[in-house]
Amino acid sequence: MTQKSGHRILTNSGIEDESKSKSESSSSSSSTGMRLIVPLQGIVQGRGGLILGSVIPCAMFYFLQFYLKRRRSPPSREQHSSDPPSPTTELSRSASRSNLLLSRASIGKPHVSARVCSIAKANDSPYYIGLDKASEDPYDRLSNCNGVIQLGLAENRLTIDLIENWITEKLNESILGEGDSRGGLSVSGIATYQPFDGMTELKVAMAGFMSQVVGRTVSFDPSQIVLTSGATSAIEILCFALADHGNAFLIPAPYYPGFDRDMKWRTGVELIPVHCRSSDNFTLTIPALDQAFNQARKRGQKVRGILLSNPSNPVGNLMTRDTLFDLLDFAREKNIHIISDELFAASTFGDEEFVSMAEIVDSEDINKDRVHIVYGLSKDLALPGFRVGVIYSYNESVLTVSRKMTRFSSISAPTQRLVTSMLSDTTFIKNYTERNRERLRCMCDLFVDGLKELGISCTKSSGGLYCWVDMSGLIRPYNEKGELDLWDKLLNVAKINVTPGSSCHCIEPGWFRCCFTTLDEMDIRVVMERIRTVIESCESAS
Amino acid sequence: MKQNPPNKTSTTVMRVIVPLQGLVQGGGGGLVLGSIIPCALFYFFQLYLKSKSSSDSDDPPPPSPSPEISPIPLPPSGGLQRVQSVRSSIWSPRGHAQVSSRGNSVIKQLDSPYDVGLMKADENPYHQFTNLSGVIQLGLDENKLTLDLVQHWLVAHTKCSIIGHELQINGITTYHPFHGLSELKVAVAGFMSQLIERRVKFDPSKIVLTNGVAPALEMLAFCLADPGNAYLVPSPYFPDLDRDIKWRTGVEIIPVPCRSSDNFSIHITSLDRAYNQAKKRGIKVKGVIISNPSNPVGNLLCRETLYNLLDFATEKNIHVIANEILAGPPCDKSQEFISMAEIIESEEYDRNRVHIVYELSKDLYLPGVKTGVVYSFNQNVLEASKKLVRFSSVSSLSQRLLVSMLNDSSFVDELIKFNIERVERMYNLFVTGLKNLGIECVKSSRGLYCWADMSGFIRPYSEKGELELWEKLLNVAKVNVTPGSCCHCIEPGWFRFCYTNLNENEIPLVMERIGKVL
């Protein structure tokens, strides 16, 4: 645009220029003649010269900008606007159709929106490529022992038997209501009008479950709960409510690869990774946050909040009480929000204590309204298929927006009823969470020991369904390319799908996330064998 | 135009004193530089302003943190340090954490009469035994006429449909594809074509399942248009569409008014006019959203109109979203419903521009289970939708229930048969009831509504009069209906009555209550 306008001004003033230089050198009589011919020159040369000489081009330039802006918005297919509107009667319809056949070639295909083009494209992230590959050709000990073993999907299959037993036992009762024996009458008890943001019974049950998960240190208020179809949409809704298009969230990296989709796709919000390093055991430090915040500010980007995952996905470490307090202070100082993703709160198995953001907020009196917690049953209760997510917020406005937004992602009633009675069965829940922790710990130990035998180390994981594995010794060259080469080898040669650190935006190459909860003990041996072959081929290559 | 004649001595002096003027008045570069320099200055000034405003629109700029906070070495125990930082934050009080401006606009949006009515009826629902003075719900477009069939089926089959015959759950709780189980897609495709008497075969691979029609419409709006683009929508249209299309996508709706004089049917000429007006205003129109059968009017688009619509869309190179959620039960069998899918199958149109939305719950009412269907011929849209549906996928439990329900063909046959019978009977009863009160309805052939003309009862003849009548109906007669203004109808005095929430024996009561107000 600037080029064009510059050009325009040059040509405009070119003639006047010429005439002006002439008038300078020539006698006064000729300049009078010129003055008659080019009236504008008079103004320019005269007393008002400098002022008008600046104002006029400025104004012209300004209007040119306006003009260009207006021109740009109407569609470029203007040549068709002159076509007569298609008449409505039968006879002329065929005429208009023949008309169309002629012009169709020039019209081309209907376009989808620009923002969706990138979404429609095939997956390019190794995370999704791996997931697809593993789901196309899944490993099965008996029927498909050459299939791909899935270590990329954070899904808990260790306790599926407990859940299935419960459902088998209590299914009819929970969906159809207590009075199953009384026949069909009970179903009419299903409230006919379903609020989008979840049934009150489920909210109460969920609040109870959440406070049990954090060890009864906090009591959650059902009225602050909004239920959504999965944590995925919970996070997206919060993004819509807290940030506008072009705003940004700070997020400690490495982070869960799905956030790039959940947070960015439809909301237009940016994620600014705050890099954590292996030297600090991937813990978040406030100076790093502060630096990222200031850098974003300098770039003119408005930071609206921090997205934490605690227990961290993919590393599996927990945030200490002090870190959480510091974070809250930081958020307060910068006047930004905190979204705390506590999806794995009950899937902790280390010696460390899990501290929920809710506990921190409860101990303070001020500024609760900047804290929002995301929870769900996909991981902690191993019900990913049911799509139950939770927004727990202290901010009334955010709750109002979220409730309205749930029209796009509500949970179906039978699911809510089933989950309500499952969560209300406190003895089952207590038993379940205990055994879940036990099994997770056991699996994690087995997996870590197996890797250790192969000479591969992990960070100490205290929560989540995965290990964060350091394979930097196996990659060559020591960069992202080397990491992806190894990932490719693991996927295609060894037939193991893991998530490379680069998908999680880890700044150091050579880290991988391995989910061990889709395996059983027998499978672990197979996994280790397969990894060994890759290690050997790496060593022989070097 | 009067000016100084060039005086030799004075110009020299001036030139020395004001060097810039020399450039302007003097040598050949004068005018050029005189234009470029201010332009450049102005341009940079604009740039500066722009960058300032984007960084400064933050809530109050951060006050320089008081120097005591950060440098103090933190004591090992958390307690002491807490006190300090809390105090420091009290000293520098800051506003409350703000929600985003798009969030704010959602909050500020006043509840329309449509929402107020739904809320009121929900708080104090009529019940024939327990709450006689409650509000009768005629505003919610749900079809409860076949609820008893569904209930019986649920009682008999819930367990085996989910658990299966070998008493084991086949991975019901685990991750499944977000866009729906393929069994369910096949079943839904079959059900959809059964509804229109198998004139069209729907292809399961073109289906994406969502949890309701709202996310389905939103997803399409998102896929086909960018923020600031617009859709043409013949009005009156159903009140929820505004939120579904506009809230999160930033897309606009341009209503194309239809009038009672031609039975609220769509005219291509008015579409064309609206299109051209939008274009003149610089708005890019990306598509037409039609609802067929029309909601709230209940009339059908004839084959000819559908052809013309496609011609129009092809000519303007825009998309067509056909909302066919009410395709199911006819209340008047004389007119045939024609799906957009049928037109597109039969003719040589570019299929890429046609997208159909359907919802299972209007025909198969399972309380609280909403299953929307996006049926698109456009591969790009399908690919994108399959990924976007991660935000609104259907729970596996409900999917299992629906699969076995839809595969039970004797049940489905019975359901469809009863649905048709009951909707027709209710429609006739309701319309006759209204006629006895002197209220005429548009002759509707599908849908769960009557579109009633009460313009004779409103005074003044304006939106205000309409809303007064609505309020009287809601608060005095305790009947919740949807006023035409919520549906963007340009003629006042029209109301939508949804009769499928009622029992047959409740109709006299409804009529009595309405009659009282009139």
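Residues numbered from 1 in each chain as written. Chains lettered and ligands numbered in written order. Predicted model: local features only at pLDDT ≥ 70, side-chain atom pairs only at ≥ 80, totals over all residues. Heavy atoms only, no water.

## Topic: the pattern of salt bridges
Put simply, the rule is: What makes a salt bridge here is a side-chain nitrogen of Lys or Arg within 4 Å of a carboxyl oxygen of Asp or Glu, nothing more. Think of it this way: any DSSP run of H or I at least four residues long counts as a helix, any run of E at least two long counts as a strand, and we number them from the N terminus. Summary of the burial criterion: residues with accessible area below 20% of their type's maximum are buried, those above 50% are exposed, and those between are partly exposed, where the area comes from a 1.4 Å probe applied to protein chains only.
Following the criterion strictly, the structure yields 42 salt bridges over all chains and no others. One salt bridge in this structure joins Arg141(A) and Asp523(A), with 3.4 Å as the shortest N-O distance. On the criterion of sequence distance, the pair formed by Arg141(A) in the loop between α7 (126-136) and β1 (149-150) and Asp523(A) in helix α20 (residues 521-541) is long-range, its members being 382 residues apart. The class of Arg141(A) is partly exposed, set by a relative accessible area of 36%. Glu434(A) serves as the salt-bridge partner of Lys430(A), at 3.8 Å between the closest nitrogen and oxygen. Taken together, the residues Lys430(A) and Glu434(A), both in helix α18 (residues 426-453) and 4 residues apart, mark about one turn of the helix. Judged by relative accessible area, which is 46%, Glu434(A) ranks as partly exposed. Through salt bridges with shared partners, one network takes in Glu197(B), Arg199(B), Arg303(B), Glu336(B) and Glu342(B).

## Digging into helix α12 (residues 303-316) of chain B
Since the α-helix packs 3.6 residues into each turn, any two residues three or four apart lie on the same face. Residue and element names in this part refer to chain B. Under the convention used in this document: The span expected for a helix works out to 1.5 Å for each residue beyond the first.
Compared with the 20 Å implied by 1.5 Å per residue over 14 residues, the 20 Å span of α12 between its first and last C-alpha is a close match. Burial runs high along α12: 12 of the 14 residues are buried. Those residues of α12 that sit buried are Thr-305, Leu-306, Tyr-307, Asn-308, Leu-309, Leu-310, Asp-311, Phe-312, Ala-313, Thr-314, Glu-315 and Lys-316. Positive backbone phi, at 55 degrees, marks Asn-317, one or two positions downstream of α12.

## Quick look at the confidence of the model for chain B
Residues and elements named next belong to chain B. Note the threshold: You can read pLDDT as the predictor saying how much it trusts each residue, on a scale of 0 to 100. Any two residues whose heavy atoms approach within 4.5 Å are treated as being in contact.
Taken over all residues, the pLDDT of chain B has a mean of 80, while the share at 70 or more is 82%. Between residues 1-28, whose pLDDT stays under 50, and residues either more than four places distant or in other chains, the model counts 29 contacts. This stretch, residues 54-93, has a pLDDT under 50; its non-local contacts, to residues over four places away or in other chains, come to 33 contacts.

## Some remarks on the packing of helix α10 (residues 231-242) of chain A against helix α16 (residues 396-405) of chain A
All names here are of chain A. Using the following cut-off: In this analysis, axes come from line fits to C-alpha atoms, helices being fitted only over the stretch in contact, and the angle between any two N-to-C directions falls in the range 0 to 180 degrees. The cut-offs work like this: below 35 degrees is roughly parallel, past 145 is roughly antiparallel, 65 to 115 is roughly perpendicular, and the gaps in between are oblique. Should the near helix be turned anticlockwise from the far one by less than a right angle, the crossing is left-handed, and should it be turned clockwise, the crossing is right-handed. Note on residue classes: Ala, Val, Leu, Ile, Met, Phe, Trp, Tyr, Cys and Pro are nonpolar, Asp, Glu, Lys and Arg are charged, and everything else, Gly too, is polar.
One way to put it is that α10 packs onto α16 with a least axis distance of 9 Å and a crossing angle of 125 degrees. Classified by the angle their axes make, α10 and α16 are oblique. Taken as a pair, α10 and α16 cross one another with a handedness that is right-handed. Each of Ile-237, Leu-238, Phe-240, Ala-241 and Leu-242 in α10 lies in contact with α16, whose residues at this interface are Val-398, Val-401, Ser-402 and Met-405. Classifying every residue of the contact of α10 with α16 by side-chain character gives 8 nonpolar, 1 polar and no charged.

## A look at the nonpolar core
Our working rule: To qualify as a nonpolar core, a set must consist of buried Ala, Val, Leu, Ile, Met, Phe, Trp, Tyr and Cys residues joined through side-chain atoms within 4.5 Å.
Grouped together as the largest cluster of nonpolar side chains are 156 residues, with contacts concentrated most on Leu250(A), Leu381(A), Leu423(A), Leu232(B), Ile290(B) and Met340(B). Apart from residues lying up to four places away in sequence, Leu381(A) is in contact with Ile163(A), Phe209(A), Met422(A), Leu423(A), Ile429(A) and Tyr432(A). In this structure, Val374(A), Leu451(A), Val498(A) and Met528(A) belong to the second largest nonpolar core, which totals 75 residues.

## Concerning the side chain of Ser445(B)
Residue and element names in this part refer to chain B. Threshold: Pairing of N or O atoms within 3.5 Å defines a polar contact, subject to two protein rules: one partner must be a possible hydrogen donor and the other a possible acceptor, and residues neighboring in sequence count only if both atoms are side-chain atoms.
Along the chain, Ser-445 turns up in the loop between β9 (440-441) and β10 (449-453). By relative accessible area, Ser-445 is classed as buried at 2%. One polar contact links Ser-445 to Gln-335, side chain to side chain, over a distance of 3.1 Å. Dropping the residues within four chain positions of it, Ser-445 is found in contact with Gly-298, Asn-299, Leu-300, Pro-330, Cys-331, Asp-332 and Gln-335.

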